[in-house]
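Descriptive structure summary
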Amino acid sequence: MENLVQDTTVQKPKWIRVKLPTGKNYRELRTLVDKYKLNTICQSGSCPNMGECWGEGTATFMILGNICTRSCGFCGVKTGKPLDVNWDEPEKVARSIKLMKIKHAVLTSVDRDDLKDMGSILWGETVNAVRRISPGTTMETLIPDFQGITKHLDRLVDVAPEVISHNMETVKRLTREVRIQAKYERSLEVLRYLKEAGQRRTKTGVMLGLGETKDEVFQTIEDIRNANVDVITLGQYLQPTKKHLPVKKFITPEEFDEFGDFARSLGFRHVESSPLVRSSYHAEKHIH
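Residues numbered from 1 in each chain as written. Predicted model: local features only at pLDDT ≥ 70, side-chain atom pairs only at ≥ 80, totals over all residues. Heavy atoms only, no water.

With 6 of its 6 residues buried, strand S8 (residues 231-236) lies for the most part within the structure. Sheet topology note: the strand S7 (residues 202-208)/S8 ladder contains 6 bridges and is parallel. Its bridge partner lying in S8, Thr-204 is registered against Ile-232. As a crossover connection, the stretch from S7 through helix H10 (residues 214-226) into S8 is right-handed. As defined by bridge partners, S8 adjoins strand S9 (residues 270-273) across 4 bridges and the pair is classed as parallel. When the sheet's bridge partners are listed, Leu-234 is paired in S9 with Ser-273. Viewed along the sheet, the connection from S8 through helix H11 (residues 253-266) into S9 turns out right-handed. (Buried < 20%, exposed > 50% of the residue type's maximum accessible area, 1.4 Å probe, protein only. Helix = DSSP H or I, 4+ residues; strand = E, 2+ residues; numbered from the N terminus. Pairing = 2+ DSSP bridges. Right-handed = clockwise from strand over helix to strand, strands pointing away.)

Following this line, the structure appears as structure tokens:
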């Protein structure tokens with residue numbers, strides 16, 4: 001029992017400090033987002049790196065609504081019955097990207113297990129709309145697992161975004177608790193399949209501090225590399241609300257360095273490993 005009480009009152013260490021967003025680019029983007037009511041996950045997810053990314057001309061947009069059919073223990077997005085698909089959304093997102101002069105766009109979405117195609121058709125249309133309306137913008141698509149159904153994954157491979165990303169989120173032992181309707185092996189299979197189907201650059205992200213052991217982290221990094229993934233991001237889990245899973249531990253910057261060095265030794269093309277890293281952090285660098 002003692003342990004449990006301690007776990008829920010873990011104090012934030014000094015290295016979890018967020019710089020306040022500043023700079024001309026950031027202020028201009030902020031004005032546009034407010035004026036046109038543009039939907040970025042940067043804001044709705046209260047991302048700690050918003051200022052830095054927006055300053056670099058990178059932003060993350062969420063498609064297919066903001067209500068998810070899954071109820072993961074770590075995620076701040078609402079769960080419930082999603083609204084109907086808005087087929088104007090690809091155009092709206094693409095226009096927003098052009099208006100904001102975004103150089104590199106990260107597109108993500110809620111899970112849509114309620115749809116026959118799991119949202120994959122709208123995903124493909126959004127990538128095509130961005131290509132048409134803002135041809136200078138490169139893209140990363142951070143996709144759900146589409147329940148591992150390959151014909152849905154093929155729709156993404158066919159439109160060839162520069163990067164396709166799917167997050168593992170946590171180690172195998174904690175997957176059921178952290179990502180209730182997801183499966184560790186299925187996510188690995190999705191990443192492996194994307195590469196085999198011809199996707200040039202694949203990527204995944206893992207959150208630490210949910211109670212995983214060091215050995216489990218090393219094993220997860222190895223499993224991901226064995227699925228031929230090019231880019232891995234490792235960051236600290238932060239609890240969005242009291243209803244979400246508690247932080248069991250704050251991983252030190254030194255431990256993040258150790259995990260990052262291990263990942264580099266396995267041959268990943270890009271590794272981001274530090275407390276405030278989120279899956280879209282430095283995304284513009286991951287296309288090269």
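Within the structure shown, the criterion is met by 2 aromatic pairs. Ring geometry for Phe-218 and Phe-259: centres 5.3 Å apart, planes at 70°, overall edge-to-face. With Phe-218 in helix H10 and Phe-259 in helix H11, this residue pair connects regions lying 41 residues apart in the sequence. Taken individually, Phe-218 and Phe-259 each receive the classification buried, so the pair is uniform in this respect. Between Phe-218 and Phe-262, the aromatic rings sit 4.9 Å apart at their centres with planes inclined by 70°, giving edge-to-face as the arrangement. Here Phe-262 lies in helix H11 and Phe-218 lies in helix H10, a separation of 44 residues in the sequence. Grouped by ring-pair contacts, the aromatic residues Phe-218, Phe-259 and Phe-262 constitute a single cluster. Directly above the ring of Phe-268 sits Arg-225, whose terminal nitrogen or CZ lies 5.4 Å from the centroid. (Phe/Tyr/Trp six-rings, centres within 6.5 Å; stacked < 30°, edge-to-face > 60°. Lys NZ or Arg CZ within 6 Å of the ring centre and 35° of its normal.)

Moving on to the nonpolar core. Counting residues in each nonpolar core, the largest one holds 39 residues, and the members touching the most others are Trp-54, Phe-61, Ile-97, Ile-102, Leu-107, Trp-123 and Ile-143. Element by element, the count of residues in this core is highest for helix H6 (residues 120-133), at 6 residues. In contact with Ile-97, not counting residues within four places along its chain, are Phe-61, Ile-102, Ala-105, Leu-107, Val-130, Ser-134 and Thr-137. Judged by nonpolar contacts, the second largest core, of 20 residues, contains Leu-188, Phe-218, Val-229 and Phe-268. (Core = buried A, V, L, I, M, F, W, Y, C linked by side-chain atoms within 4.5 Å. Contact = heavy atoms within 4.5 Å.)

The next thing to look at is the packing of H6 against helix H7 (residues 150-159). For the pair H6 and H7, the least separation of the axes is 8 Å and the interaxial angle reads 10°. Judged by the inter-axis angle, H6 sits roughly parallel to H7. Between H6 and H7, the residues in contact are Ser-120, Ile-121, Trp-123, Gly-124, Val-127, Asn-128 and Arg-131 and His-152, Arg-155, Leu-156 and Val-159, respectively. Tallied by class, the residues present in the contact of H6 with H7 amount to 5 nonpolar, 4 polar and 2 charged. (Axes fitted to C-alpha atoms, helices over the stretch in contact; angles between N-to-C directions. Parallel < 35°, antiparallel > 145°, perpendicular 65-115°, else oblique. Nonpolar A, V, L, I, M, F, W, Y, C, P; charged D, E, K, R; others polar.)

This next bit is on the sheet that holds strand S4 (residues 104-109). The strand order across the open sheet built from 7 strands is S1-S4-S5-S6-S7-S8-S9, with neighbouring strands paired in parallel fashion. Looking along the sheet, the strands with just one partner apiece sit at the ends: strand S1 (58-63) and S9. Strand-to-strand twist of the sheet, defined as the mean angle between neighbouring strand axes without regard to direction, takes the value 20°. Two elements, strand S6 (residues 163-165) and S7, share 2 bridges in a ladder whose sense is parallel. Pairing of Ile-164 across the sheet is with Thr-202, part of S7. Sheet strands touched by helix H5 (residues 89-99): S1 and S4. Its angle to S1, the strand with the most contacts, is close to 165°.

Mapped onto the fold, Thr-204 is located in strand S7. Accessibility expressed as a relative area gives 0% for Thr-204, which makes it buried. A distance of 2.9 Å separates a polar side-chain atom of Thr-204 from the backbone nitrogen of Met-168. For Thr-204, the residues in contact, after removing those within four places along its chain, are Ser-165, His-166, Asn-167, Met-168, Leu-191, Ile-224, Val-229, Val-231, Ile-232 and Thr-233. (Polar contact = N/O pair within 3.5 Å; in protein donor to acceptor, adjacent residues only side chain to side chain.)

What follows concerns the pairing of strand S5 (residues 138-142). When you tally the buried positions in S5, you get 5 out of 5 residues, the bulk of the element. With burial as the criterion, each face of S5 is covered, one bearing Thr-138, Glu-140 and Leu-142 and the other bearing Met-139 and Thr-141. Read from S4 through H6 to S5, the crossover connection turns out right-handed. The pairing of S5 with S6 spans 3 bridges and is parallel. Directly across from Glu-140, in S6, lies its bridge partner Val-163. Crossover S5 to S6 through H7 is right-handed.

Right, let's talk about H10 for a bit. Here H10 contains 13 residues, and its C-alpha end-to-end distance of 19 Å stays within 8% of the 18 Å for a straight helix at 1.5 Å per residue. Within the sequence span of H10, burial applies to Glu-216, Val-217, Phe-218, Thr-220, Ile-221, Asp-223 and Ile-224. Where H10 is buried, its residues touch helix H9 (184-196), S7, S8 and H11. Backbone geometry just after H10 places Asn-228 at a positive phi near 65°. (Expected span 1.5 Å × (residues − 1).)

So far we have only geometry, and geometry alone does not tell us how the molecule works.
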